[in-house]
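Listed here are the chains, written in short residue letters.
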Amino acid sequence: DVKVTQSSRYLVKRTGEKVFLECVQDMDHENMFWYRQDPGLGLRLIYFSYDVKMKEKGDIPEGYSVSREKKERFSLILESASTNQTSMYLCASSSQGPDTQYFGPGTRLTVL
Amino acid sequence: QKEVEQDPGPLSVPEGAIVSLNCTYSNSAFQYFMWYRQYSRKGPELLMYTYSSGNKEDGRFTAQVDKSSKYISLFIRDSQPSDSATYLCAMPPSTDSWGKLQFGAGTQVVVTP
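Residues numbered from 1 in each chain as written. Chains lettered and ligands numbered in written order. Predicted model: local features only at pLDDT ≥ 70, side-chain atom pairs only at ≥ 80, totals over all residues. Heavy atoms only, no water.

Q: So what about the pairing of strand β3 (residues 19-25) of chain B? Which residues, and what values?
A: All names here are of chain B. Here β3 shows one buried face, formed by Val-19, Leu-21, Cys-23 and Tyr-25, and one open face, formed by Ser-20, Asn-22 and Thr-24. Looking at chain direction, strand β1 (residues 4-6) and β3 are connected through three bridges and run antiparallel. Bridge pairing links Val-4 to Tyr-25 in β3. The pairing of β3 with strand β8 (residues 71-76) spans six bridges and is antiparallel. Note that in β8 the partner of Val-19 across the bridge is Ile-76. (Buried < 20%, exposed > 50% of the residue type's maximum accessible area, 1.4 Å probe, protein only. Helix = DSSP H or I, 4+ residues; strand = E, 2+ residues; numbered from the N terminus. Pairing = 2+ DSSP bridges.)

Q: An account of the environment of Thr-86 of chain A is needed here, citing residue identities and associated values.
A: Residue and element names in this part refer to chain A. The topology assignment puts Thr-86 in the loop between β8 (73-78) and β9 (87-94). Residues Thr-86 and Val-111 lie 25 residues apart in sequence; the distance between their C-alpha atoms is 5.3 Å. Looking at Thr-86, its side chain comes within polar contact range of the main-chain nitrogen of Val-111, at 2.8 Å. (Polar contact = N/O pair within 3.5 Å; in protein donor to acceptor, adjacent residues only side chain to side chain.)

Q: Can you explain the interface of chain B and chain A? Please cite residues and give values.
A: Of the residues lining the interface, 18 residues belong to chain B; the matching set on chain A comes to 22 residues. Carbon and sulfur atoms make up 57% of the surface buried where chain B meets chain A, a total of about 1,600 Å² over both sides. Summed over the shared surface of chain B and chain A, the number is zero salt bridges. At the boundary of chain B and chain A, one finds three residue pairs in polar contact (both at pLDDT 80 or more). Secondary-structure elements contributing two or more residues to the side of chain B that touches chain A are β4 (32-38), β5 (45-51) and β10 (102-103) of chain B. (Contact = heavy atoms within 4.5 Å. Buried area = accessible area lost by both parts, 1.4 Å probe. Salt bridge = Lys/Arg side-chain N within 4 Å of Asp/Glu carboxyl O.)

Q: Which residues make up unusual backbone geometry, and what values go with them?
A: In this structure, Pro-10 of chain B follows Gly-9 of chain B across a cis peptide bond, with omega equal to 10°. With respect to the helices and strands, the residue Pro-10 of chain B is situated in the loop between β1 and β2 (11-14). Positive phi, close to 60°, is recorded for Asp-28 of chain A, a residue that is not glycine. Mapped onto the fold, Asp-28 of chain A is located in the loop between β3 (19-25) and β4 (31-38). The phi torsion at Asp-78 of chain B lies on the positive side, around 45°, for a residue other than glycine. The residue Asp-78 of chain B is located in the loop between β8 and β9 (85-91) in this model. Asp-78 of chain B sits in the partly exposed class, given a relative accessible area of 42%.

Here is the structure:
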């Protein structure tokens, strides 16, 4: 059974804190993605990675960075959290080519 | 203007009714069309996908694509309370960009017993 796990389901942080969100997949997928999901806006791609140490900006990369040191792990970093980064964060992975993306359960981040 | 538009709903139907969902898109280069289902507090999961125009059926679910109108639909027959979820359409911009799916905002569906 395919599995994408995320380090936390719920997270509360203060403005200015550095936040790490971690994602692990056990399917040996090349591609990994970070999205945020907000009501009325749907899923928006923050960053994706198509190989270890490779990354590409998505539609809304500002205020975020990523790290992929191992194939199975993709981290999203908020260098200095702000209230407008309060959102649901979803990680996904896929193999190359016409394959579905498999999503994790999401992390609901609240920045106070 | 977003590349993929989808009515957020909510769409409330009685059990047994047909649910009709749709998305419009602006990029004529889209060729693959996907539907994801997302239950509350879970990540989306692929329901079905179609290539180019036409219909595809999978059990109670039928996906339709009309490329001339840039319009896709998902129909759920004999709807059940377990079909209550948010349904998102998604499209890769090209076969070289499978990763960069363009998602609709999602339509929330509520099936009442």
